[in-house]
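If you want the building blocks of each chain, they are given just below.
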Amino acid sequence: MSLADAFRITLRAIFANRLRSALTSLGLVIGVSSVIVLIAVGQGTQQGVTDRIHGLGTDLIFIESSRAATTSQAGGIAGLAETTLFQGDAEAIEAAGIPGVVAVAAQVSVEAHAVAGSENVGVEAVATSSRYADVRDLEVASGTFITPRDDEGRGLVAVIGSRVAETLYPEVEPVGQEVRLSFVGGRLILPFTVIGVLEEQGGANEVNDQVFVSLEGMAQRLRFLFTPTGDVRVTRIDVQTASGIDEDRVKEDISNVLLYRREAIEPDFTIQSQDDLLKAATEVSTTLSILLGSIAGISLLVGGIGVMNIMLVSVTERTREIGIRRAVGATAADIVKQFVMEALTLSLFGGIAGIAIGVGLSVAVDGRELGGQQLTMLIQPWSVVAAFFVAAGVGLASGSYPAYRATTIDPIAALRME
Amino acid sequence: MIHLRDVARVYSAGETAVHALAGVSLDIDRGEFVAIMGQSGSGKSTLMNIIGLLDRPTAGEYRLGERDVSRLPEDARARLRGRGFGFVFQSYNLLPRMTALEQVELPLIYQGAPDRRRRAAEALVRVGLADRIRHVPTELSGGEQQRVALARSLVVNPLVLLADEPTGALDTATGEELMRLLTALVDEQGLTVVLVTHEAEVATHARRTVRMRDGRIIEDTGARAGARAGGTAS
Ligand SMILES: Nc1ncnc2c1ncn2[C@@H]1O[C@H](COP(=O)(O)OP(=O)(O)OP(=O)(O)O)[C@@H](O)[C@H]1O
Ligand SMILES: [Mg+2]
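All values derive from a computational prediction rather than experimental measurement.

Here we take up the overall build of chain B. In terms of helices and strands, chain B carries eight helices and ten strands. Expected size for 234 residues packed as a compact globule is a radius of gyration near 17 Å; at 18 Å, chain B falls within 12% of this value. In terms of overall dimensions, chain B has a C-alpha envelope of 50 × 40 × 40 Å along the principal axes. Across the 234 residues that make up chain B, the buried fraction comes to 57%. Taking as baseline every contact in chain B between residues at least 6 positions apart, the subset at least 24 positions apart corresponds to 68%. About 10,000 Å² of surface is accessible on chain B, with carbon and sulfur atoms providing 48% of the total. Chain B carries 30 positive and 30 negative side-chain charges, and their two centres are separated by 5 Å.

All told, the structure shown has five aromatic pairs over all chains when counted by the stated rule. Consider the rings of Phe145 of chain A and Phe212 of chain A, whose centres lie 5.7 Å apart with planes at 55°: the pair is tilted. Here Phe212 of chain A lies in strand β9 (residues 210-214) and Phe145 of chain A lies in the loop between β5 (140-143) and α6 (148-152), a separation of 67 residues in the sequence. By the burial criterion, Phe145 of chain A is buried, and Phe212 of chain A matches it. Each member of the aromatic cluster is reached from another via a ring pair, and the members are Tyr132, Phe145 and Phe212 of chain A. One residue, Arg9 of chain B, lies across the ring of Tyr11 of chain B, its end atom 4.3 Å from the ring centre.

Attention now moves to the site of ligand 1. Around ligand 1 sit 14 residues in total, of which Ser40, Gly41, Lys44, Ser45 and Thr46 of chain B are the nearest. Surrounding ligand 1 is a set of residues that belongs to chains A and B. Within the backbone of Ser42 of chain B, an N or O atom sits 3.2 Å from an oxygen atom of ligand 1. Its free accessible area being 640 Å², ligand 1 has 67% of it covered by the protein chains. Element by element, the count of residues in the shell around ligand 1 is highest for helix α1 (residues 44-51) of chain B, at three residues. The residue inventory of the shell around ligand 1, partitioned by class, reads three nonpolar, eight polar and three charged.

A word on the sheet that holds strand β2 (residues 16-28) of chain B. Residues and elements named next belong to chain B. Pairing is antiparallel in the open sheet, where four strands are placed in the order β2-β1-β4-β5. Here the strands that pair on one side only, and so sit at the sheet edges, are β2 and β5 (67-68). Both strand β4 (residues 59-64) and β5 contribute to a ladder of two bridges, which runs antiparallel. By the bridge assignment, Leu64 is partnered in β5 with Arg67.

A word on unusual backbone geometry. You will see that Leu53 of chain B, though not glycine, has its phi angle at about 65°, which is positive. Position of Leu53 of chain B among the secondary structure elements: in the loop between α1 and β4.

Attention shifts here to empty space enclosed by the protein. By the definition in use, this model includes three cavities of 30 Å³ or more. The space that makes up the largest cavity amounts to roughly 80 Å³. Surrounding the largest cavity, Ile324, Ala327 and Val328 of chain A together with Gly82, Phe85, Gly86, Phe87, Phe89, Pro107, Arg152, Ser153 and Val156 of chain B form its lining. Looking at the lining of the largest cavity, the elements with two or more residues in it are α11 (319-327) of chain A together with β6 (85-89) and α5 (142-154) of chain B. Counting residues per element, the lining of the largest cavity draws most heavily on β6 of chain B, which supplies four residues. Looking at the lining of the largest cavity residue by residue, the classes come out as eight nonpolar, three polar and one charged.

Our focus in this paragraph is the domain arrangement of chain A. Domain annotation of chain A identifies domain 1 (3-52 + 280-416) and domain 2 (67-267). The straight-line distance from the C-alpha centre of domain 1 of chain A to that of domain 2 of chain A is 54 Å.

Think of it this way: side chains of opposite charge can pair up when their charged atoms draw near. For the structure shown, the criterion picks out 36 salt bridges over all chains. Where Asp248 of chain A meets Lys251 of chain A, a salt bridge forms, and the shortest distance between an N and an O atom there is 3.6 Å. Linking Asp248 of chain A with Lys251 of chain A, this pair stays in helix α9 (residues 247-262), spanning three residues, or about one helical turn. With a relative accessible area of 15%, Lys251 of chain A lands in the buried category. Across the pair Arg77 of chain B and Glu74 of chain B runs a salt bridge, and its minimum N-O distance is 3.1 Å. On the criterion of helical spacing, the pair formed by Arg77 of chain B and Glu74 of chain B is a turn pair, its members being three residues apart in helix α2 (residues 74-84). One salt-bridge network, in which partners are shared between bridges, spans Asp5 and Arg8 of chain A together with Glu105, Arg116 and Arg117 of chain B.

What counts and what doesn't
- Residues numbered from 1 in each chain as written.
- Chains lettered and ligands numbered in written order.
- Predicted model: local features only at pLDDT ≥ 70, side-chain atom pairs only at ≥ 80, totals over all residues.
- Heavy atoms only, no water.
- Helix = DSSP H or I, 4+ residues; strand = E, 2+ residues; numbered from the N terminus.
- Rg over C-alpha atoms; globule rule 2.2 N^0.38 Å.
- Buried < 20%, exposed > 50% of the residue type's maximum accessible area, 1.4 Å probe, protein only.
- Contact = heavy atoms within 4.5 Å.
- Areas by Shrake-Rupley, 256 points an atom, 1.4 Å probe, with all protein chains shown as cover.
- Lys, Arg positive; Asp, Glu negative; His and termini not counted.
- Charge placed at Lys NZ, Arg CZ, Asp CG, Glu CD.
- Phe/Tyr/Trp six-rings, centres within 6.5 Å; stacked < 30°, edge-to-face > 60°.
- Lys NZ or Arg CZ within 6 Å of the ring centre and 35° of its normal.
- Near = heavy atom within 4 Å.
- Polar contact = N/O pair within 3.5 Å; in protein donor to acceptor, adjacent residues only side chain to side chain.
- Nonpolar A, V, L, I, M, F, W, Y, C, P; charged D, E, K, R; others polar.
- Pairing = 2+ DSSP bridges.
- 1 Å grid on protein atoms, 1.4 Å probe; cavity = no way out; pocket = protein on both sides within 12 Å on 5 of 7 lines; lining within 4 Å.
- Points joined across faces, edges and corners; volume = space filled by probe spheres on them.
- Domains from an automatic or database assignment.
- Salt bridge = Lys/Arg side-chain N within 4 Å of Asp/Glu carboxyl O.

Structure representation (C-alpha cells):
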C-alpha cells in the first residue's frame with residue numbers, strides 16, 4: 001500500500017470521528033503549547049534579567065555587606081543599622097590607587113514615595129556622593145548632579161530620574177522645585193530641593209525611576225547612619241573599572257584594602273562583577289527553564305498516553321475492519337502503517353495546533369504586566385522545532401504498540417464477529 | 001489447481017484438542033463449481049479458510065497450482081490471498097461508511113494496482129450494481145450488499161471465489177438471484193467457485209457436491225480416482 005493511500009485511510013478514520021480525534025489531539029495541543037509558552041517565559045525572564053544587569057552600565061564591580069539586607073528585601077531603613085559597609089570603605093578604595101579602578105561611590109538605597117504638589121510616585125531613593133555620576137555614566141538633562149560641595153554639606157538636594165520628573169512635574173521645570181520624600185510608610189518625611197533632572201535612559205534601566213540625594217545630607221537627618229567614629233553606613237559600593245582589565249585581580253585588590261581596614265581575615269562583604277551577576281542570573285533562569293520545561297514535558301507525556309489510549313480503543317473497535325482488510329490482502333505491515341499513521345497524524349495535528357497556540361499566546365502576553373511584573377516572552381525557534389519533533393515522536397511511540405496489537409488480531413475470528 | 005493432501009487442522013482448547021479437519025484430501029480444477037455441505041461444526045468454514053490462505057493447516061500439504069503454499073510465510077500468504085482469492089461471507093463484511101465503489105477498490109489498494117476506479121466500477125457493473133456505485137452499506141439492501149461483496153472479490157480476477165453461506169442472510173428469492181449470478185460467472189467467464197451451504201436448493205446450482213462430517217469428506221460427487229491416489233492433475 002502506498003503512503004498516499006495509507007494517508008487517505010487515515011484522514012477518513014480521523015474525520016469519521018471528528019470529536020474524538022479533536023479531543024485526542026487536545027492533549028498534545030496543551031502539551032506542545034505549554035512547552036513553547038513556558039520556555040518563552042523562562043528565556044524571556046533570563047533576557048530581562050540580563051538586560052537589567054547590562055543596563056547598570058559596563059565594567060562595574062559591586063560590593064555589598066554580607067550582613068545587611070538590601071532595600072528591596074528589607075523595604076526600609078531598619079536593616080541599615082546592621083550593615084558592615086561604610087562610606088569610608090569607598091574612600092579607602094579610591095585612595096588605594098588600585099590599577100584599573102576609575103571611580104568609586106557608596107550608596108544607601110531605600111524605597112520611598114516622592115511627593116510634589118498633588119502628584120506622587122513610588123521611587124527608589126539612592127543616597128550617594130557626587131562620584132556616582134562617574135561610576136554610572138549619568139548625564140543631567142538640566143541642572144547638575146550632586147556636587148562635591150553637597151558631599152560635604154548638610155543640604156537636602158535631589159536629582160531625579162526622567163520618569164520621576166515627568167510624573168511629578170508635568171507642567172513646570174523641576175529644577176528649583178521642592179520634592180518631599182516619604183520613608184517607611186510616611187513615618188519620616190523630608191523636603192528636598194531638586195537640583196537636576198537626569199537624561200532619559202533607554203531600555204530596562206532603573207535610573208529613570210530613581211531619586212538621588214546626597215549621602216551626607218541624609219546622614220545628618222538619620223543620625224543612626226553614623227557610626228560612633230563618624231563614618232557613614234552604606235548598603236552598597238559601586239566601582240567603575242577600566243575596560244579590558246583583569247576583574248579578578250581588581251576584586252582581590254579591593255578585598256585586601258577592605259580587610260586591611262577591618263584588621264580582619266574573613267570578609268564581611270561580597271564583591272561581584274557584572275559577569276558574576278550575569279552568571280548567577282543565567283544559572284537561576286536555566287534552572288527555571290528546565291523546571292518549566294519538565295512540567296510542560298509531563299503534559300506532553302500525558303497527551304501521548306491519551307493518544308495511545310484512544311488508539312488501543314480504536315483498534316479494538318475496528319477488529320472487524322482489520323479482519324476484512326486482511327482478507328482482501330492487507331499484510332501485517334499494511335495494518336501497522338495504517339494505525340501508526342493515524343496516531344502520527346493525530347499527534348501532528350495536535351503539535352501544529354499547539355505550536356500555533358503557543359506562539360500566539362507568547363506574542364499576545366509579551367510585554368504585559370502580571371502581578372506587577374512585566375512579562376518578557378522570548379520564543380525560541382529551537383523550542384518550536386523541538387516541540388514539533390517531540391509531537392511526531394509521541395505519535396510514533398503511542399501508535400506503535402496499538403498497531404502491533406492490531407496485527408495480532410486473528411482475521412478469522414474478526415470476520416466471524418457480529 | 002487446488003490440491004489438498006491429508007490436511008488437518010487441530011485447535012487445542014485447553015486440555016482437549018478439537019479436530020476441525022481430520023485429514024482432508026481434495027482437488028479442485030479451474031472452472032469448477034463445488035458446493036460443500038455438512039452439519040454445523042463439520043469443518044466447512046475451516047476448510048474454506050485454509051484454501052483461502054486465511055488459516056494454515058496443522059498437518060498435510062496444500063499445493064496451489066505447482067506451488068506448495070502450506071508453509072508460506074505470513075506476508076507472502078497475505079499477498080497471495082489478496083490476488084488469488086475472493087471471499088464472500090454470510091454477513092457481507094463490508095466496511096462501514098464506505099461507498100460501494102470504495103469497498104470494491106479496497107483489494108486493489110493493497111495490490112498497488114493501477115486504474116483502480118475503473119476496474120472497481122466495472123466489477124460493480126458485472127454484478128448489476130451500476131446505479132449503486134456511490135451508495136454506502138446502510139443505503140443498500142442485503143442482496144445489494146452481498147453483490148457489493150461479490151464485486152469486491154471479483155475485482156482482483158481471483159483464481160478461486162470462496163463463498164461461505166453467501167445466501168444465509170438472504171430471502172429465498174434474493175438468494176436465488178445471487179446464485180444465478182454466480183452460475184453465470186462460472187459458465188460465461190470460467191470462474192472457479194467453492195461454495196459452502198446448508199441449503200440443498202442452493203447446492204443444486206453447483207456441478208459437484210462435497211459432503212463433510214466431523215472434519216472428514218464423506219462424499220464427493222466429483223471425486224476422481226486420482227485424487228485419493230495422489231494424482232497431480234490440475
Ligand atoms: N478458533 C477455534 N478454536 C477452537 N475450536 C474451533 C475454532 N474455530 C472452529 N473451531 C471448531 O472447529 C470445528 C469446525 O468449525 P467450522 O467453523 O469449520 O464448522 P462449520 O462446518 O463451518 O460450521 P457451521 O456450519 O456452523 O458454520 C467446530 O467444532 C468448532 O467448534
Ligand atoms: Mg461455517
